[in-house]
Amino acid sequence: MSLLEKLGLSKESMERMLGVVAPLKKTKITKKKSYRRYETVPADIRKAILGEHPSYTCRELAKKYGISASTIWDIRDSKPKIQ
């Protein structure tokens with residue numbers, strides 16, 4: 001016994017209360033992948049970031065060089081690609 005039957009509701013009575021609701025069509029959602037282009041950061045800034053003392057946080061360096069903290073993190077994280 002379903003919950004609707006326990007409450008004394010049927011499909012028809014629900015349609016009368018709410019109106020006829022069309023079933024949703026399943027659509028395939030394709031998300032366009034956007035790849036970040038860290039190559040747009042000039043090479044001299046990348047070298048300077050890698051040369052900074054490790055005690056600086058990504059936020060501090062982001063303010064200093066005017067780029068996002070996530071870009072700083074990626075540059076630090078992918079050292080072999082840059083050198």
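Just above, that's the structure.
Keep in mind it's a predicted model, so treat the numbers as computed, not measured.

**With respect to the environment of Lys 47**
Part 1 of the argument: Relative to the elements of secondary structure, Lys 47 occurs in helix H3 (residues 43-51).
Part 2 of the argument: A sequence separation of 28 residues divides Lys 47 from Ile 75, and the C-alpha atoms of the two residues are 9.4 Å apart.

**Digging into the packing of aromatic side chains**
Centre-to-centre distance and the angle between the planes together describe a pair of aromatic rings.
Part 1 of the argument: This structure, assessed with the given rule, holds 0 aromatic pairs.
Part 2 of the argument: One Lys or Arg, Lys 64, reaches over the ring of Tyr 56 and ends 5.9 Å from the middle of that ring.

**What to know about helix H4 (residues 58-65)**
Part 1 of the argument: All buried positions along H4 are accounted for by Cys 58, Leu 61 and Ala 62. Axial view of H4: buried residues confined to an arc of 105°, hence all on one face. Opposite the buried face of H4, by more than 90 degrees, sit the exposed residues Arg 59, Lys 63 and Lys 64.
Part 2 of the argument: Backbone geometry just downstream of H4 places Gly 66 in the positive-phi region, at approximately 75°.

**Some details on the environment of Cys 58**
Part 1 of the argument: As for its position among the elements, Cys 58 is in helix H4.
Part 2 of the argument: In the structure, Cys 58 is positioned 10 residues away from Ser 68 in sequence and 8.4 Å away in space, judged by C-alpha atoms.

**Structural notes on a nonpolar patch on the surface**
Part 1 of the argument: On the surface, a nonpolar cluster with roughly 370 Å² of combined accessible area is contributed by Met 17, Leu 18 and Val 21.
Part 2 of the argument: Within the fold, Met 17 resides in helix H2 (residues 11-18).
Part 3 of the argument: On the accessibility criterion, Met 17 (56% relative accessible area) is exposed.

Cut-offs and rules
- Residues numbered from 1 in each chain as written.
- Predicted model: local features only at pLDDT ≥ 70, side-chain atom pairs only at ≥ 80, totals over all residues.
- Heavy atoms only, no water.
- Helix = DSSP H or I, 4+ residues; strand = E, 2+ residues; numbered from the N terminus.
- Phe/Tyr/Trp six-rings, centres within 6.5 Å; stacked < 30°, edge-to-face > 60°.
- Lys NZ or Arg CZ within 6 Å of the ring centre and 35° of its normal.
- Buried < 20%, exposed > 50% of the residue type's maximum accessible area, 1.4 Å probe, protein only.
- Arc of directions from axis to C-beta.
- Patch = residues over 30% accessible without salt bridge, like charges linked within 9 Å, V, L, I, M, F, W, Y side chains within 5 Å.
- Areas by Shrake-Rupley, 256 points an atom, 1.4 Å probe, with all protein chains shown as cover.
- Salt bridge = Lys/Arg side-chain N within 4 Å of Asp/Glu carboxyl O.

Purely geometric stuff here, so don't read any function into it on its own.
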